[in-house]
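Fold and geometry: a report
This is what each chain is made of:
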Amino acid sequence: ETGVTQSPTHLIKTRGQQVTLRCSSQSGHNTVSWYQQALGQGPQFIFQYYREEENGRGNFPPRFSGLQFPNYSSELNVNALELDDSALYLCASSLEVQGYGYTFGSGTRLTVV
Amino acid sequence: RKEVEQDPGPFNVPEGATVAFNCTYSNSASQSFFWYRQDCRKEPKLLMSVYSSGNEDGRFTAQLNRASQYISLLIRDSKLSDSATYLCVVKPGGYNKLIFGAGTRLAVHP
């Protein structure tokens, strides 16, 4: 059984640029959630994808968007990057939207300069 | 007010010590409760779920007081390998997200 994999592991971008982060869910999991973890803080919920549709969103602006593909993998896109977007971005997969079997990937560390 | 509040620490304790972490949450409709552990620059990993009756897993004991909206984690006989950040996590009923506290850092020294 494969776990959640995220790519890339590290990324440096310039303010104003766009970035795409990728996540492959754990085998058998059909729901993907994205979280942002700033330094010294707990992870903050960005949004969740289920059956290729956004299924709940946290307090993040529209420049944070996502996709889920038929194989349940997912992308997080961030446009017009700001310095405050520098954080660890975590993807978690689970079975069904109410699933308790959250499994986190090891994250993508994004630095915006 | 933050939805989940924790003492940030750090807690510096010697090996073998007993240490307790506390957490409060603001949404009385919260349904599920967890403690996660996060090592430096790694992803959070589920340590244990927290039930109203209290539950124990080896050296770890978790308690939930719904009336006070308070969650605790007790670690007995601390090991060096327990050094990490402990995240208090709440899942509101009917919602599909986890709400994390900022975490409490534990450093166990020889």
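Parameters and conventions
Residues numbered from 1 in each chain as written. Chains lettered and ligands numbered in written order. Predicted model: local features only at pLDDT ≥ 70, side-chain atom pairs only at ≥ 80, totals over all residues. Heavy atoms only, no water. Contact = heavy atoms within 4.5 Å. Buried area = accessible area lost by both parts, 1.4 Å probe. Salt bridge = Lys/Arg side-chain N within 4 Å of Asp/Glu carboxyl O. Polar contact = N/O pair within 3.5 Å; in protein donor to acceptor, adjacent residues only side chain to side chain. Helix = DSSP H or I, 4+ residues; strand = E, 2+ residues; numbered from the N terminus. Nonpolar A, V, L, I, M, F, W, Y, C, P; charged D, E, K, R; others polar. Disulfide = S-S within 2.5 Å. Buried < 20%, exposed > 50% of the residue type's maximum accessible area, 1.4 Å probe, protein only. Pairing = 2+ DSSP bridges.

Description of the interface of chain A and chain B
Between chain A and chain B, the residue contacts involve 22 residues of the former and 20 residues of the latter. Each partner contributes to the roughly 1600 Å² buried at the junction of chain A and chain B, and carbon and sulfur atoms together form 50% of this total. Linking chain A to chain B there are zero salt bridges. The tally of links between chain A and chain B comes to two residue pairs in polar contact (both at pLDDT 80 or more). Among the elements of the structure, β4 (31–37), β5 (44–50), β6 (53–57) and β9 (87–94) of chain A are those that each provide at least two residues to the side of chain A that touches chain B. Split by residue class, the side of chain A that touches chain B holds nine nonpolar, 12 polar and one charged.

Thoughts on the state of the cysteines
Summed over the entire model, instances satisfying the criterion amount to two disulfides over all chains. One disulfide bridge connects Cys23(A) with Cys91(A), the sulfur atoms lying 1.8 Å from each other. Disulfide Cys23(A) to Cys91(A): torsion about the S-S bond roughly -60°, handedness left-handed. Here Cys91(A) lies in strand β9 and Cys23(A) lies in strand β3 (residues 19–24), a separation of 68 residues in the sequence. Taking relative accessible area as the criterion, Cys23(A) reaches 2% and is therefore assigned buried. Take Cys91(A): its relative accessible area is 0%, and that puts it in the buried class. Here Cys23(B) is linked by a disulfide to Cys88(B), with a sulfur-sulfur distance of 2.0 Å.

Some words on the pairing of β5(A)
Residue and element names in this part refer to chain A. Among the seven residues of β5, six are classified as buried, and the element is accordingly described as predominantly covered. By the bridge criterion, six bridges tie β4 to β5 in an arrangement that is antiparallel. Note that in β5 the partner of Gln 36 across the bridge is Gln 44. The hairpin formed by β4 and β5 contains six residues between the paired strands, and Gly 40 there has a positive phi angle of roughly 80°. In terms of strand pairing, β5 meets β6 through three bridges, oriented antiparallel. Bridge pairing in β6 links Phe 47 to Arg 57. Turn length for the β5-β6 hairpin, with the two strands adjacent in sequence and antiparallel, is two residues, and the turn residue Arg 51 shows positive phi of about 50°.

Concerning the pattern of salt bridges
Residues and elements named next belong to chain A. For the structure shown, the criterion picks out eight salt bridges over all chains. One salt bridge connects Glu 75 with Arg 22, and the closest N-O pair in it is separated by 3.5 Å. Linking Glu 75 in strand β8 (residues 74–78) with Arg 22 in strand β3, this pair joins segments that are 53 residues apart in sequence. By relative accessible area, which is 14% here, Glu 75 ends up buried. Note that Arg 63 and Asp 85 form a salt bridge whose closest N and O atoms lie 2.8 Å from each other. Here Arg 63 is found in the loop between β6 and β7 (64–68), whereas its partner Asp 85 is found in the loop between β8 and β9, with 22 residues between them in sequence. For Arg 63, a relative accessible area of 16% translates into the label buried.

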